[in-house]
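# Architecture at a glance
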Number of protein chains: 2
Amino acid sequence: MKNKIVWPGSTQLAPIPVVLVGCGNGDDIPYNLITVAWAGTVCSDPAMLSVSIRPERHSYGIMMKTREFTVNLPSRKLARSVDFCGVVSGRDCDKFAKCGLHAEKGTEVTAPVVLECPITLECKLKETIALGTHTMFLAEICAIDLDSRLIDDKGRLDIERADLLAYAHGHYYGLGECIGHFGYSVRKKPGPVVRK
Amino acid sequence: MKNKIVWPGSTQLAPIPVVLVGCGNGDDIPYNLITVAWAGTVCSDPAMLSVSIRPERHSYGIMMKTREFTVNLPSRKLARSVDFCGVVSGRDCDKFAKCGLHAEKGTEVTAPVVLECPITLECKLKETIALGTHTMFLAEICAIDLDSRLIDDKGRLDIERADLLAYAHGHYYGLGECIGHFGYSVRKKPGPVVRK
């Protein structure tokens, strides 16, 4: 192929989400956080997502046991905590305390909603699939917790107010300008407004 | 929870990739494109990703038959084509011709590499899992095709040159400023440079 170079296969999908997965029940299993970029939406109805985690990680055993977790979408100002929670282990430190983050039980799951994150997806595990270095957790999204300041005066979610983080090739990014909405390429331009 | 509102579960993971999935073999099965945002990395080794597609889509049958596809990462300037390929069906039109896009066979798969996309992941299907409205295609990433202009003078991929698209809550975005790299939160600040 002209002007193309070919590399061996690797995990180059980008940009991808970078989320704080919350686990534990805050009771006999202390809350923990793990940063995950191997995450994706997998089904619209039922609403489902996947997160992939290495079996040697502390959160893996917790999630296998409780079969519940939260997916907390961080804003840009949480980038340093997101990075930290991907580097250190919950075996060695209380990541909530270390990062100054606060947890509350979800409404549908006992896993922790990170109160500082603008959006949290509460998830119930349906199935795990061992793939190699990572095991995929397939889960149903049972509830969404939203910072009330994200809701506009028409009651709709204004996602830009969440100031979300993206991940690409080992780097964290904010989102840039909005280019269009789904369907904009085929939408007829509105005609002049006729007032009656 | 204070200052939080709770919604029923829905597909609110964000930001997520928005990719042109290429299928067909350019021989007895004409090439087609389908835009997919339900995509994610699922394993590091072997390098694997998932894309989820509704069974009623034209590409679904093609991918089930050929068991190969490409995941083409579009740049910002392709946003209109990306949107168009998610709205119209390949049963009704040749999306490559309509969007002015050009295909070439991959090196590891016969599915089409979209030459205008800066990065293409060539994928071989390992497993499909019917989840509800969508079926998840789990695939191994066998090769990466990169626009040679993305490679810096040290031979490394400079992802910012790809000017990738992200998707969040029904809208397309460019990437904004780089905030840090993986591990930056625990990296010791370099001391003053001592010249010898």
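Worth saying up front: this structure is predicted, and the values here are computed from it rather than measured. (Residues numbered from 1 in each chain as written. Chains lettered and ligands numbered in written order. Predicted model: local features only at pLDDT ≥ 70, side-chain atom pairs only at ≥ 80, totals over all residues. Heavy atoms only, no water.)

### Remarks on helix H2 (residues 79-87) of chain B
What counts is decided by this rule: The buried label goes to any residue with under 20% of its type's maximum accessible area, the exposed label to any with over 50%, and the partly exposed label to all in between, with areas taken from a 1.4 Å probe on protein chains only. Going along the chain from the N terminus, every DSSP run of H or I of four or more residues is numbered as a helix, and every run of E of two or more is numbered as a strand. Contacts were defined at the residue level, with two residues in contact if any of their heavy atoms lie within 4.5 Å.
Most of H2 of chain B is tucked away, with seven of its nine residues classed as buried. Restricting attention to buried positions, one finds in H2 of chain B the residues Ala79, Ser81, Val82, Asp83, Phe84, Cys85 and Gly86 of chain B. Where the residues of H2 of chain B are buried, they touch strand E13 (171-181) of chain A together with strand E3 (19-23), strand E4 (32-36), helix H3 (95-99), strand E12 (165-168) and strand E13 (171-181) of chain B.

### Regarding the sheet that holds strand E12 (residues 165-168) of chain A
For clarity, the threshold we go by: Should DSSP find at least two bridges between two strands, the strands are taken to pair.
If you walk across this open sheet you meet the six strands as E2(A)-E12(A)-E13(A)-E13(B)-E12(B)-E2(B), and the pairing is antiparallel. With one partner strand each, in any of the chains shown, strand E2 (16-17) of chain A together with strand E2 (16-17) of chain B form the two edges of the open sheet.

### Observations regarding the environment of Asn32 of chain B
Residue and element names in this part refer to chain B. Definition in use: N or O atoms within 3.5 Å of each other form a polar contact, as long as, within protein, one can give a hydrogen and the other can take it, and as long as residues adjacent in sequence are counted only when both atoms are side-chain atoms.
Structurally, Asn32 is set in strand E4. The sequence separation of Asn32 and Phe96 amounts to 64 residues, and the corresponding C-alpha distance is 7.4 Å. For Asn32, the residues in contact, after removing those within four places along its chain, are Val21, Gly22, Cys23, His58, Ser59, Ile62, Gly90, Lys95, Phe96 and Pro112. A distance of 3.0 Å separates polar atoms of two side chains, one belonging to Asn32 and the other to Ser59.

### What to know about a nonpolar patch on the surface
The criterion, for reference: Each patch is built from residues that are more than 30% exposed by relative accessible area and take part in no salt bridge. Like charges join if they lie within 9 Å; nonpolar side chains (Val, Leu, Ile, Met, Phe, Trp, Tyr) join within 5 Å. Per-residue accessibility takes into account occlusion by the displayed protein chains alone, with areas from the Shrake-Rupley method and a 1.4 Å probe. For this analysis, a salt bridge means a side-chain nitrogen from Lys or Arg found within 4 Å of a carboxyl oxygen belonging to Asp or Glu.
Together, Val87 of chain A together with Phe182 and Val186 of chain B give the surface a local cluster of nonpolar side chains, amounting to about 240 Å² of exposed area. Inspection of the secondary structure assignment puts Val87 of chain A in helix H2 (residues 79-87).

### Remarks on the relation of the copies chain A and chain B
Under the convention used in this document: Least-squares superposition of the copies uses the C-alpha atoms of those residues scoring a pLDDT of at least 70 in each of them.
Between chain A and chain B, the superposition needs a rotation of 180 degrees and an axial shift of 0.0 Å, giving an RMSD of 0.0 Å. The superposition operator between the copies reduces to a two-fold rotation axis. A share of 100% of interface residues in chain A that are also interface residues in chain B marks the association as one of identical surfaces.

### Structural notes on helix H1 (residues 58-66) of chain A
Of the positions making up H1 of chain A, those classed as buried are Ser59, Tyr60, Ile62, Met63 and Thr66 of chain A. At its buried positions, H1 of chain A is contacted by strand E3 (19-23), strand E4 (32-36), strand E6 (48-53), strand E7 (68-73), strand E10 (119-130) and strand E11 (135-147) of chain A.

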